[in-house]
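A look at the structure
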Amino acid sequence: MKKRRVVITGLGIIASNGVGTQTFWEANKQGVSGTGSLTRFDHRDLDSKVASEVRDFEPSQFMSPDLVDRVDRFVHFGLACTQMALADGKLDLSKEDKYRVGSVIGSGLGGLLFHEQQMMAAYERDTLRLSPACVPRITPNAVSSHIAIQYGVLGPNMVISTACASGAHAVGEAFRKIQSSDMDVCISGGVEAPLTLFTFGAYCRLRVVSRRNDAPQEASRPFDLNRDGFVLGEGAAVLILEELGHAVERNAPIYAEVIGYASNSGGYHIVIPEPEGTDASRAMGDAIKDAGISANDIDYINAHATSTGVNDRTETKAIKAVFDKRAYDIPVSSTKSMIGHTIGAAGAIEAAVCALAIKDQFVPPTINYKDKDPACDLDYVPGVGRPAKLNTVLSNSFGFGNCNACLIFSKFKE
Amino acid sequence: MDHYTQVEQTVKEVLAKQSKVDVANIKADALLAEDLRLDSFGALETAFELEEKFAIQIPNEALSSVKTVKDIVDYIAAQTHDKTNADGC
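Residues numbered from 1 in each chain as written. Chains lettered and ligands numbered in written order. Predicted model: local features only at pLDDT ≥ 70, side-chain atom pairs only at ≥ 80, totals over all residues. Heavy atoms only, no water.

Before going further, it helps to spend a moment on the overall build of chain B. Broken down by element type, chain B carries four helices and zero strands. Along chain B, helices (α) and strands (β) appear in the sequence α-α-α-α when read from the amino end. The globule rule puts the C-alpha radius of gyration for 89 residues at 12 Å, and the 12 Å found for chain B is close to it. Taken over the C-alpha atoms alone, chain B extends approximately 35 × 30 × 20 Å along its principal axes. (Helix = DSSP H or I, 4+ residues; strand = E, 2+ residues; numbered from the N terminus. Rg over C-alpha atoms; globule rule 2.2 N^0.38 Å.)

Put into structure tokens, the structure is as follows:
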């Protein structure tokens with residue numbers, strides 16, 4: 001049976017270098033960093049003082065003050081991006097069959113801020129008399145559920161939590177569910193608000209975050225010889241995925257088509273990628289196969305590219321394994337160089353970047369790439385983005401615990 | 001203001017915030033579920049806030065037996081009439 005086709009018809013994005021799709025995209029095209037010194041909190045034990053904080057976001061512009069008070073920041077992001085994406089896609093859900101619309105969102109961490117506030121207060125006051133709102137505020141599925149409640153959509157409602165690949169898995173699984181006719185429209189994406197004291201401290205203890213405190217805007221430098229870890233960031237993206245016939249019937253704007261998806265595991269370590277990158281290359285190869293294309297068709301790779309020593313080296317090795325000599329001719333760039341690592345949001349934001357890159361026929365740069373690492377020798381689009389003919393692009397997401405997801409998007413052709 | 005009136009005022013303020021009904025329109029005989037549209041989770045949040053404000057504990061049995069605004073005020077006034085250190089009363 002012929003698979004149903006799935007297109008992207010709306011985008012809503014919040015990141016440290018831009019709130020709103022166009023603001024974000026212009027910043028990405030121009031290589032604007034959203035990273036700076038950590039201002040949200042401080043503690044003497046934090047050895048990293050660098051973060052990609054979202055500064056120009058006022059949740060009450062997107063929801064009632066009462067709802068602002070009742071949900072955590074990651075849900076603010078999800079609801080705001082949903083509103084933006086629906087407006088962008090000119091999709092009026094009141095006219096839709098709500099049984100055929102779902103919300104599938106990625107979040108690696110859930111409602112951490114409230115969790116930490118309650119935990120600290122409990123210890124300070126020596127009491128377990130916690131707020132009844134703890135469970136509904138902390139639970140990761142608060143985001144997909146609040147979206148479903150807000151818009152009354154009655155199709156699949158779930159949160160996928162696969163660390164740094166959550167957003168990519170959410171878009172991929174939404175794609176599959178539309179392909180297989182479980183729904184016609186999906187509010188899909190990824191959200192994360194990890195800038196809380198305990199969580200930031202926890203990532204510091206893993207020694208995976210940059211300590212370039214004296215030059216924060218240069219801290220996220222994927223593939224560069226002197227990279228010293230990723231920058232923790234907050235943000236979100238929602239993509240409206242829609243069955244092609246449904247989108248055409250309502251004359252929807254189409255950014256790009258989702259044509260391939262694969263997910264797998266390295267079965268290796270809870271925080272270390274499999275050193276040869278065989279799982280990563282297998283995921284890329286399987287996504288290419290799923291799309292029914294060949295590796296020669298890929299015009300651009302939006303890499304996972306975290307700015308850690310191991311990830312960037314391993315991902316480069318995996319790309320070479322899939323594309324052989326052609327790997328050197330494909331532009332590969334890192335969104336995280338500009339907005340840090342937004343954990344569960346990253347894969348969705350990067351999927352949105354791919355859609356925008358296709359629509360605009362423009363490859364955004366990897367910023368802060370200055371000195372060549374002999375183990376990372378591809379074309380990383382250093383510093384300055386460039387116009388390019390983009391028919392088919394690949395987005396890589398490789399999460400802690402070897403949760404891998406690859407997505408392929410193409411220019412929409414009837 | 002006597003103790004009972006103080007409790008009543010605080011209870012009405014908490015209920016007003018929870019139910020989005022103006023405090024002036026919350027009558028003593030208002031039914032929590034029917035008139036103020038307080039669902040079971042809203043009742044839990046209200047109880048939590050009142051527990052914090054009056055430094056008391058409202059057991060499940062008491063929570064399930066109150067039906068009106070006055071029932072809550074009566075219960076809290078009885079629990080707090082001899083307390084001097086509670087906030088709001």
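After presenting the structure, the write-up continues.
Residues and elements named next belong to chain A. All chains considered together, the criterion is met by zero disulfides over all chains. Considering cysteine sulfurs only, Cys-164 is the nearest to Cys-204, which forms no disulfide, with 15 Å between them. Looking at Cys-204, the relative accessible area reads 5%, which means it is buried. We note that Cys-376 lacks a disulfide partner, and the nearest cysteine sulfur, in Cys-406, lies 17 Å from it. Cys-376 sits in the buried class, given a relative accessible area of 0%. (Disulfide = S-S within 2.5 Å. Buried < 20%, exposed > 50% of the residue type's maximum accessible area, 1.4 Å probe, protein only.)

This part covers the nonpolar core. Most often, soluble globular proteins keep nonpolar side chains buried together rather than apart. Core analysis: the biggest nonpolar cluster contains 47 residues, and Ile-8, Leu-11, Phe-24, Leu-239, Leu-241 and Phe-409 of chain A have the highest contact counts within it. Among the elements that take part in this core, helix H13 (residues 346-360) of chain A stands out by supplying 10 residues, more than any other. (Core = buried A, V, L, I, M, F, W, Y, C linked by side-chain atoms within 4.5 Å.)

All names here are of chain A. Looking at where Lys-49 falls in the secondary structure, it is placed in the loop between strand S3 (36-37) and strand S4 (50-51). On the basis of relative accessible area, Lys-49 is assigned to the partly exposed category, the value being 25%. When the C-alpha atoms of Lys-49 and Glu-350 are compared, they prove to be 25 Å apart, with 301 residues separating the residues in sequence. Apart from residues lying up to four places away in sequence, Lys-49 is in contact with Gly-36, Ser-37, Leu-38, Asp-42, His-43 and Asn-213. In terms of polar contacts, Lys-49 uses its side chain to reach the side chain of Asp-42, at 2.7 Å. (Contact = heavy atoms within 4.5 Å. Polar contact = N/O pair within 3.5 Å; in protein donor to acceptor, adjacent residues only side chain to side chain.)

Looking down a regular strand, the side chains alternate between one sheet face and the other. Residue and element names in this part refer to chain A. Within strand S5 (residues 101-106), six of the six residues are buried, leaving the element largely enclosed by the surrounding structure. Alternating residues of S5 divide into Val-101, Ser-103 and Ile-105 and Gly-102, Val-104 and Gly-106, and every residue in both groups is buried. Sheet topology places S5 next to strand S7 (residues 185-192); six bridges connect them, and they run parallel. Its bridge partner lying in S7, Val-101 is registered against Val-185. When S5 meets strand S6 (residues 157-160), the two strands line up parallel, connected through four bridges. (Pairing = 2+ DSSP bridges.)

Residues and elements named next belong to chain A. A cluster of nonpolar side chains, namely Met-119, Met-120, Tyr-123 and Phe-198, defines an oily patch on the protein surface of about 470 Å² accessible area. For the nonpolar patch, the element with the highest residue contribution is helix H4 (residues 112-125), accounting for three residues. Relative to the helices and strands, Met-120 resides in helix H4. What makes Met-120 partly exposed here is its relative accessible area of 39%. (Patch = residues over 30% accessible without salt bridge, like charges linked within 9 Å, V, L, I, M, F, W, Y side chains within 5 Å. Areas by Shrake-Rupley, 256 points an atom, 1.4 Å probe, with all protein chains shown as cover. Salt bridge = Lys/Arg side-chain N within 4 Å of Asp/Glu carboxyl O.)

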